[in-house]
Amino acid sequence: MERRCVLNSWSKEKVRAVIRYEWALGESGTEIQNRLVEVYGPGVMSKQMVRRWCRTFSDGRQQVEDIPRAGRTRTATTNANVGKVDDMIRANRRITIDEVAEELGISHERAQNIIHDILRYRKVSAR
């Protein structure tokens with residue numbers, strides 16, 4: 001019996017390259033997925049996704065990298081807005097998230113993200 005080692009480190013591109021290679025050899029999606037699980041472990045990629053990639057390569061796709069997608073650009077969480085929020089908080093430490101959001105014309109959620117996740121400000125009680 002042949003013993004195989006499980007590779008813990010893998011990327012989507014590496015796995016897709018393996019799928020493309022195995023597909024080019026004429027292997028089925030199920031056989032490819034079984035081999036991927038043997039080498040990379042059970043969480044590597046689902047059988048349905050392997051079949052989808054085989055179909056994609058059959059349709060003529062050559063690249064294994066992600067294709068850049070058009071999406072909504074980030075307009076609220078910009079360096080300019082982060083700087084403005086920081087200045088607003090330093091000028092008035094009692095300012096609310098809603099006041100920041102209204103002043104900059106951004107959503108409450110984006111203002112909260114800037115304050116808590118980017119600037120790392122938090123409430124401190126003096127009691």
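All figures in this text were calculated on a predicted structure; none of them were measured in a lab. (Residues numbered from 1 in each chain as written. Predicted model: local features only at pLDDT ≥ 70, side-chain atom pairs only at ≥ 80, totals over all residues. Heavy atoms only, no water.)

### Describing helix α4 (residues 79–91)
- Relative to the 18 Å expected for 13 residues at 1.5 Å per residue, α4 spans 18 Å between its end C-alpha atoms, a close match to the ideal helical length.
- When α4 is considered as a whole, its buried residues turn out to be Asn-81, Val-82, Val-85, Asp-86, Met-88 and Ile-89. The buried side chains of α4 occupy one side of the element, clustering within an arc of 160 degrees when seen end-on. Away from its buried face, by an angle of more than 90 degrees, α4 presents the exposed residues Asn-79, Asp-87, Arg-90 and Ala-91.
- Buried residues belonging to α4 abut α5 (97–104) and α6 (108–118). (Helix = DSSP H or I, 4+ residues; strand = E, 2+ residues; numbered from the N terminus. Expected span 1.5 Å × (residues − 1). Buried < 20%, exposed > 50% of the residue type's maximum accessible area, 1.4 Å probe, protein only. Arc of directions from axis to C-beta. Contact = heavy atoms within 4.5 Å.)

### Considerations on helix α3 (residues 47–58)
- Across its 12 residues, α3 extends 16 Å between first and last C-alpha, which sits within 8% of the 16 Å expected from 1.5 Å per residue.
- Buried within α3 we find Val-50, Trp-53, Cys-54 and Phe-57. With its buried residues spanning 105 degrees around the axis, α3 presents them on a single face.
- Along its buried surface, α3 packs onto α1 (12–24) and α2 (29–40).

### A word on the UniProt feature "domain: Mos1 transposase HTH" (unreviewed entry) in the chain
- In the numbering used here, UniProt assigns the "domain: Mos1 transposase HTH" (unreviewed entry) feature to residues 12–60.
- In residues 12–60, helix accounts for 76% and strand for 0%; the two terminal C-alpha atoms are 19 Å from one another. (UniProt positions renumbered as here; feature names shortened; annotations may be inferred.)

### Quick look at the layout of surface pockets
- In this structure, the largest pocket encloses a volume near 540 Å³.
- In this structure, the largest pocket is lined by 13 residues; those nearest its centre are Arg-93, Ile-95, Arg-122, Lys-123 and Val-124.
- When grouped by side-chain class, the residues that make up the lining of the largest pocket number seven nonpolar, two polar and four charged. (1 Å grid on protein atoms, 1.4 Å probe; cavity = no way out; pocket = protein on both sides within 12 Å on 5 of 7 lines; lining within 4 Å. Points joined across faces, edges and corners; volume = space filled by probe spheres on them. Nonpolar A, V, L, I, M, F, W, Y, C, P; charged D, E, K, R; others polar.)

### What to know about the packing of α5 against α6
- Relative orientation of the contacting elements α5 and α6 amounts to 110 degrees, with a least axis distance of 8 Å. One finds that α5 runs roughly perpendicular with respect to α6. Relative to α6, the crossing made by α5 is right-handed. Seen from α5, the contacting residues are Ile-97, Asp-98, Val-100 and Ala-101; seen from α6, they are His-108, Ala-111, Gln-112, Ile-115 and His-116.
- Considering only residue class, the contact of α5 with α6 consists of five nonpolar, three polar and one charged. (Axes fitted to C-alpha atoms, helices over the stretch in contact; angles between N-to-C directions. Parallel < 35°, antiparallel > 145°, perpendicular 65-115°, else oblique. Left-handed = near helix turned anticlockwise from the far one by under 90°.)

### Quick word on the packing of α4 against α6
- It is at 10 Å that the axes of α4 and α6 come closest, and there the two elements cross at 80 degrees. Accordingly, the angle class assigned to the pair α4 and α6 is roughly perpendicular. Across the interface between the two elements, Asn-81, Val-82, Val-85 and Ile-89 of α4 pack against Ile-114, Ile-115 and Ile-118 of α6.
- Along the lines of polarity and charge, the residues of the contact of α4 with α6 split into six nonpolar, one polar and no charged.

### A word on the nonpolar core
- Among the nonpolar cores identified, the biggest contains 13 residues, and Val-85, Val-100, Leu-104, Ile-106, Ala-111, Ile-114 and Ile-115 are the most heavily contacted of them.
- Where this core is concerned, the elements lending two or more residues are α4, α5 and α6.
- Ignoring any residue separated from it by four or fewer positions in sequence, one finds Ile-115 in contact with Val-85, Ile-89, Ile-97, Val-100, Arg-120 and Tyr-121.
- Judged by nonpolar contacts, the second largest core, of 12 residues, contains Val-15, Ile-19, Trp-53 and Cys-54. (Core = buried A, V, L, I, M, F, W, Y, C linked by side-chain atoms within 4.5 Å.)

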